Amino acid sequence: MTSKTAVTSAPILPVLAERWSPRSYDANYELSDQDLLSILEAARWAASGNNIQPWRFSVAKRGTKLFGTIAENLGGFNAAWSPNAAAYVVVSAFNNGNEHVHGTTTQFDAGLSTAQLIIQAQSLGIHAHVMGGIEHVALQTALEYPKNLDVLVVVTLGKLASADNLDPTARDRELAARTRLELDEIVLHGNPSK
């Protein structure tokens, strides 16, 4: 299996250093209800402005009708590799058309919740991959969401499989080294590494 431990300029939690977004999943792995519950609980307890908790999730295990509905509304590249994942999680957030939502933090809060979902999954040995290449409006319609609930991303959950299971282009991306901008490029003021 592929290991992509982050090379960091200071120590970080191992669960963060080991997290990466694979595309090759074990099509035989079944996500347990207990692990799924832990993953969703971690997301539920994310920080939220004014405790509004604007995020919502639609969860589908592989083999269910809902899983097929979600798969039908993915972008071409994502549709090719993601059906081997054990589950999809559609992440949505209420927009300003909701009487309880004020300001512009709803997507930020949903992102915090999603990050906790991903880290909890990683701590359980389950990998996640966030997909933005989806048919947002079509998926919102297929899931019968109200107009004030926007589909943001779909997250895959599953166990790693060999990168050799992927087509050559996806395989190359799977095996490529992880990279990030340097701290000097993202910290505008107060960078302790200077």
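What counts and what doesn't
- Residues numbered from 1 in each chain as written.
- Predicted model: local features only at pLDDT ≥ 70, side-chain atom pairs only at ≥ 80, totals over all residues.
- Heavy atoms only, no water.
- Helix = DSSP H or I, 4+ residues; strand = E, 2+ residues; numbered from the N terminus.
- Rg over C-alpha atoms; globule rule 2.2 N^0.38 Å.
- Buried < 20%, exposed > 50% of the residue type's maximum accessible area, 1.4 Å probe, protein only.
- Contact = heavy atoms within 4.5 Å.
- Areas by Shrake-Rupley, 256 points an atom, 1.4 Å probe, with all protein chains shown as cover.
- Core = buried A, V, L, I, M, F, W, Y, C linked by side-chain atoms within 4.5 Å.
- Patch = residues over 30% accessible without salt bridge, like charges linked within 9 Å, V, L, I, M, F, W, Y side chains within 5 Å.
- Salt bridge = Lys/Arg side-chain N within 4 Å of Asp/Glu carboxyl O.
- Pairing = 2+ DSSP bridges.
- Axes fitted to C-alpha atoms, helices over the stretch in contact; angles between N-to-C directions.
- Expected span 1.5 Å × (residues − 1).
- Arc of directions from axis to C-beta.

S.K.: For this particular structure, what's the right way to read the overall build of the protein?
M.R.: When helices and strands are tallied, the protein shows eight helices and four strands. Put simply, the protein runs from its N terminus to its C terminus through helices and strands in the order α-α-β-α-α-β-α-β-α-β-α-α. Its C-alpha atoms give the protein a radius of gyration of 17 Å, within 12% of the compact-globule value 16 Å for 194 residues. Classification of the 194 residues of the protein by burial places 41% in the buried group. Put simply, of all contacts in the protein between residues at least 6 apart along the chain, 75% involve residues at least 24 apart. About 10800 Å² of surface is accessible on the protein, with carbon and sulfur atoms providing 54% of the total.

S.K.: Help me out: how do you make sense of the nonpolar core in this one?
M.R.: Counting 22 residues, the largest nonpolar core has Leu31, Leu117, Ile126, Val155 and Leu157 as its most contacted members. At the level of elements, α2 (33-44), β2 (87-94), α5 (106-123) and β4 (149-158) are the ones that each hand at least two residues to this core. For leucine 117, the contacting residues outside a window of four places in its chain are Ile39, Leu40, Ala43, Phe57, Val89, Val155 and Leu157. Counting 21 residues, the second largest nonpolar core, distinct from the first, contains Phe67, Ile70, Tyr88 and Tyr145.

S.K.: Please explain a nonpolar patch on the surface as it appears in this structure.
M.R.: Together, Ile12, Leu13 and Leu16 make up an exposed nonpolar region whose accessible area comes to about 260 Å². Looking at where isoleucine 12 falls in the secondary structure, it is placed in the segment before α1 (14-17). You can call isoleucine 12 partly exposed: its relative accessible area is 41%.

S.K.: Can you walk me through the sheet that holds strand β3 (residues 127-131) in this structure?
M.R.: The four strands are arranged β1-β2-β4-β3 in an open sheet whose pairing can be described as antiparallel. One side of each edge strand has no neighbouring strand; the edge strands of this open sheet are β1 (55-61) and β3. This sheet shows a mean twist of 25 degrees between the axes of neighbouring strands, independent of strand direction. Relative to β2, β1 runs antiparallel, the two being bridged by seven bridges. Note that in β2 the partner of valine 59 across the bridge is valine 89. Strands in contact with α2 are β1 and β4; relative to β1, the strand with the most contacts, it is inclined by about 165 degrees. Sheet strands in contact with α5 are β1, β2, β3 and β4, and its direction is about 155 degrees off that of β2.

S.K.: Can you walk me through α2 in this structure?
M.R.: Given 3.6 residues per turn, any residue in an α-helix points the same way as the ones three and four places further on. Taking 1.5 Å per residue, twelve residues should reach 16 Å; α2 reaches 16 Å between its end C-alpha atoms and fits that length. Along α2, the positions that sit buried rather than exposed are Leu36, Ile39, Ala42 and Ala43. Along α2, the residues classed as buried sweep out an arc of 125 degrees about the axis, all on the same side. Summarising the geometry of α2, the exposed residues directed more than 90 degrees from the buried face are Asp33 and Gln34. Buried residues along α2 sit against β1, α5 and β4.

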